[in-house]
Amino acid sequence: MWAVRRASSSFKKQVFMTGGSRICYATSDISSQFLKGHNDGLKEASNVISHRPLTCRGFQIASHGFLRLFMASQSFSSQAGTKSSGEEDSNSDNGFSDFESSTATEAIQEVNIVDESVCEHELSEEDLDSENVEAPQELLSDTEAEISKWKSPRNRVSKVLFNAIMAAPTLSVSKIMDKWVEGNNVIRKEVAAAMLNFRKRRMYGKALQLSQWLESKNQLTFTDRDYASRVDLIAKVRGLKKAEDYIRMIPESFRSEVIYRTLLANFVAQSDVKKSEQIFNKMKDLEFPLTCFACNQMLFLYKKTDKKKIADVLLLMEKENVKPSHFTYNLLIDAKGQCKDISGMEQIVETMKAEGIEPDNSIKSLLAKHYVLGGLNEKAENVLKEMEGGDIKENRWACRILLPHYAALGKADEVDRIWQVCESNPWLEECVAAVEAWGKLNNIERAEAVFDKMAKTWPRLSSKHYSVLLRIYANHKMLSKGKELVKRMADSGCQLGPLTWDALVRLYVEAGGVEKADSILHKVGEKNRLRPMINSYLVIMEQYANRGDIHNTEKIFHRMRQAGYVSRITQYQCLLRAYINAKAPCYGIADRMKADNVFPNKGLANMLAQVDAFKKNAVSDLLD
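Residues numbered from 1 in each chain as written. Predicted model: local features only at pLDDT ≥ 70, side-chain atom pairs only at ≥ 80, totals over all residues. Heavy atoms only, no water.

**Observations concerning the overall build of the chain**
When helices and strands are tallied, the chain shows 34 helices and 0 strands. Burial analysis of the chain (624 residues in total) assigns 56% to the buried set. By sequence separation, contacts in the chain at least 24 residues apart represent 71% of the contacts at least 6 residues apart. Per element, the accessible surface of the chain, about 27,400 Å² overall, is 49% carbon and sulfur. (Helix = DSSP H or I, 4+ residues; strand = E, 2+ residues; numbered from the N terminus. Buried < 20%, exposed > 50% of the residue type's maximum accessible area, 1.4 Å probe, protein only. Contact = heavy atoms within 4.5 Å. Areas by Shrake-Rupley, 256 points an atom, 1.4 Å probe, with all protein chains shown as cover.)

Dropping the structure here:
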């Protein structure tokens, strides 16, 4: 099987059980030393009953080393608030955290009907030309994927068609293309490059119109990857039901695995467990080969909705001999780090190396982060020095990664040293990292100075860049400066979006203006087709819950559902806290959770007991 089995030797006496699962891993005894540090997670895992729609046919109860590698602890904590979606349970028991730079994360895009004019301005030209802004490779056509790997030449060669469409924003793409073909040939690479640029700007509507025109006019011979790209665009613009309907129209010979995995990725992005599982099982019924991409989608899904099922996917991967990708290792390393299992995290790194996969910058950055969180500052510094190499000037690429990590270590002198390497001719992402680093070190003046330098160098900054400084103001309760910065954004022509709204909400919440934050969120939710981030709702909901304000907590809970966010443990924990603080019973809460397919962990079960209107106590027993 995999060399990763070698990393499981230290876990031979562990137990992993999920109450309702068909897959169980057990041995004759349990290491008391291991349970001392991890008993809470294991106990809770054994008490959870989960549904089992995944079809793992013919599995035997056996000692699976790959599965054991991740099951050292079932007490993985997630990173609430670190992602744009924010759909994590900060108190859930088996949480796996996301990775911004992984291919799987890139492939899971927000499925929203977006306003193209807003989305276009959310990305600056520097963002679009940066190597760090890539379209989801797994959901592109072959030519789009090929072009996306090119560097600067790709834009010079292929922007002619894209620019022609952008030059007439009020005209439909079909009319523009009808004129285009009068004096130009339709070349696949030019079309693919235009599609890629639309995707980068999240202008999915125009990309879809171009795809429709190409198919209707028979200008290109479509492959299964072209059809898959079309499915992805329809899902983003018109919704998943329309994407499913379109698949039925695709010639049967082209309905390959890539078509269904594209649909799967979009259902996962919506956290639709039932439909995602149906698509995943349909792919198996159609006897498509099981790919790591599809498995990673399910890992993401269960990470957000039912972490007990992660073991099923991992066991399926081992049974089908699906080799873990770089992202899978990234996921495991982060999981080990989150549960403070530093030795297990390091063991996985050694297993990677044994497989011939050297840790890249993202993994080294992840290691440094967890060393810092675990208080292992010396190990963190060693990793950072390794990233620097012999000469940081030669390894300039590492500066933007090093800056926030040195700030997390509290080393202002190291942050200053790294910034001096960049200061004379900084890159955009280095400026963003420096602003964030000085903010962590509570040096507001230095953060503002770097931001001003960035604004002068790149006059058309996006809201993403402004939001970094805005969050710093929020963390330091600097309301007046935050409001001034927002006005500055508007004056510069920067389009406000979810990142800015989230920073504004936090700014007012930290300043004690919860009602004002609520009002801002309500207005942007009504007037914009882009939905606010889930964390924007949660931060307000938590304030109301802490007050015991049941009415407003329920209101935010309802508005989150209206915005399209699936109710999970995090939301229910917050809602129950409002009832507990108000010392009021919560009727029908168990039925509401069941309808949302939310199964309580130990902490949530205790909260449910406190708001049970029919609970028994010593007095009630006497009276009865």
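**Observations regarding the pattern of salt bridges**
Within this structure, the stated rule accounts for 30 salt bridges. Here D502 ties to R506 by a salt bridge, and the two come within 3.1 Å at their closest N and O atoms. One end of the pair, D502, and the other, R506, are both in helix α27 (residues 498-510), 4 residues apart, so they sit about a helical turn from each other. Here the salt bridges share partners, and the residues they tie into one network are K385, E388, E414 and R417. (Salt bridge = Lys/Arg side-chain N within 4 Å of Asp/Glu carboxyl O.)

**Considerations on the nonpolar core**
Formed by 99 residues in total, the largest nonpolar core has its most connected members in I333 and I540. Those residues in contact with I333 that lie beyond four places of it in its chain are M345, I348, V349, M352, I363, L366, L367 and H370. Within the second largest apolar cluster, 61 residues are counted, among which are L210, V258, V273 and I279. (Core = buried A, V, L, I, M, F, W, Y, C linked by side-chain atoms within 4.5 Å.)

**Some words on unusual backbone geometry**
A negative phi angle characterises most non-glycine residues, just as the trans form characterises most peptide bonds. Positive phi, close to 60°, is recorded for E287, a residue that is not glycine. Structurally, E287 is set in the loop between α14 (273-285) and α15 (292-305). Backbone geometry at N321 places phi at a positive 55°, although glycine is not the residue there. Along the polypeptide, N321 turns up in the loop between α16 (310-319) and α17 (326-338).

**What to know about the confidence of the model for the chain**
Looking at the chain, the pLDDT average stands at 74 and 73% of residues meet or exceed 70. Counted against residues more than four places away or in other chains, residues 71-136, with its pLDDT under 50, gives 206 contacts. Predicted confidence is poor over residues 150-155, with pLDDT under 50, and the contacts of this stretch with residues over four places away or in other chains come to 8 contacts. (pLDDT = per-residue confidence, 0-100.)

**Here's the deal with helix α21 (residues 399-408)**
With respect to burial, α21 is a largely interior element, 8 of its 10 residues being buried. Every buried residue belonging to α21 is among C399, I401, L402, L403, P404, H405, Y406 and A407, and all of these are buried. Its buried side turned inward, α21 meets α19 (361-373), α20 (377-388), α22 (412-423) and α23 (428-440).

**Focus on the packing of helix α24 (residues 444-457) against helix α26 (residues 479-491)**
Remark: α24 packs on α26, axes separated minimally by 14 Å, with the N-to-C direction vectors making an angle of 5°. With respect to each other, α24 and α26 are oriented roughly parallel. When α24 is examined against α26, the residues E448, F451, D452 and A455 are found in contact with a partner set consisting of K481, L485 and R488. Broken down by class, the residue content of the contact of α24 with α26 amounts to 3 nonpolar, no polar and 4 charged. (Axes fitted to C-alpha atoms, helices over the stretch in contact; angles between N-to-C directions. Parallel < 35°, antiparallel > 145°, perpendicular 65-115°, else oblique. Nonpolar A, V, L, I, M, F, W, Y, C, P; charged D, E, K, R; others polar.)

**So, the side chain of T291**
Mapped onto the elements, T291 comes out in the loop between α14 and α15. Given the relative accessible area of 18%, T291 is considered buried. In this structure the side chain of T291 is engaged in a polar contact, spanning 3.2 Å, whose partner is the backbone nitrogen of A294. Residue contacts for T291: discarding those within four places in its chain leaves E257, R261 and V322. (Polar contact = N/O pair within 3.5 Å; in protein donor to acceptor, adjacent residues only side chain to side chain.)

**Comments concerning a positive patch on the surface**
A contiguous patch of positive charge on the surface is contributed by K483, K487, K516, K523 and K527. Taken together, the elements giving at least two residues each to the positive patch come down to α26 and α28 (514-527). The greatest single-element share of the positive patch, amounting to 3 residues, is contributed by α28. With respect to the helices and strands, the residue K483 is situated in helix α26. The class for K483 is partly exposed, based on a relative accessible area of 37%. (Patch = residues over 30% accessible without salt bridge, like charges linked within 9 Å, V, L, I, M, F, W, Y side chains within 5 Å. Lys, Arg positive; Asp, Glu negative; His and termini not counted. Charge placed at Lys NZ, Arg CZ, Asp CG, Glu CD.)

**Digging into the packing of α27 against α28**
Relative placement of two packed helices is described by the angle separating their axes and the distance separating the axes. Where α27 meets α28, the closest approach of the two axes is 7 Å, and the angle between their N-to-C directions is 160°. Looking at the two axes, α27 sits roughly antiparallel to α28. Remark: the crossing between α27 and α28 carries right-handed chirality. The residues of α28 that touch α27, namely those facing W501, V505, Y508 and V509, are V514, K516, A517, I520, L521 and V524. Residue composition of the contact of α27 with α28, grouped by class: 9 nonpolar, no polar and 1 charged. (Left-handed = near helix turned anticlockwise from the far one by under 90°.)

**Description of the packing of aromatic side chains**
Overall, the coordinates contain 8 aromatic pairs when judged by the stated rule. Aromatic side chains F300 and F327 sit 5.0 Å apart centroid to centroid with 10° between the ring planes, which places their arrangement in the stacked category. Residue F300 is found in helix α15, and its partner F327 is found in helix α17; the two are separated by 27 residues along the sequence. Centroid distance Y537 to Y565: 6.3 Å. Interplanar angle 70°. Geometry classified as edge-to-face. Linking Y537 in helix α29 (residues 534-547) with Y565 in the loop between α30 (550-562) and α31 (569-581), this pair joins segments that are 28 residues apart in sequence. (Phe/Tyr/Trp six-rings, centres within 6.5 Å; stacked < 30°, edge-to-face > 60°.)

**Here's the deal with α28**
With 14 residues, α28 extends 20 Å between its outermost C-alpha atoms, agreeing within 8% with the 20 Å of an ideal straight helix rising 1.5 Å per residue. Buried residues of α28: V514, A517, D518, I520, L521 and V524, and no others. Viewed end-on, α28 has its buried residues packed into an arc of 160°, placing them on one side of the element. Opposite its buried face, α28 presents the exposed residues E526 and K527, each directed more than 90 degrees away. Taken together, the buried residues of α28 touch α27, α29 and α30. (Expected span 1.5 Å × (residues − 1). Arc of directions from axis to C-beta.)

**What about the environment of Y537?**
In this structure Y537 comes out as buried when scored by relative accessible area, which is 4%. On a C-alpha basis, the gap between Y537 and Q571 in space is 9.7 Å, while along the polypeptide they are 34 residues apart. Setting aside its immediate chain neighbours within four residues, Y537 contacts L521, P532, I556, R559, M560, A563 and Y565.

**Re the state of the cysteines**
For the structure on display, the rule yields 0 disulfides. With no disulfide of its own, C422 lies closest to C399 among cysteine sulfurs, the gap being 3.6 Å. C422 sits in the buried class, given a relative accessible area of 0%. (Disulfide = S-S within 2.5 Å.)

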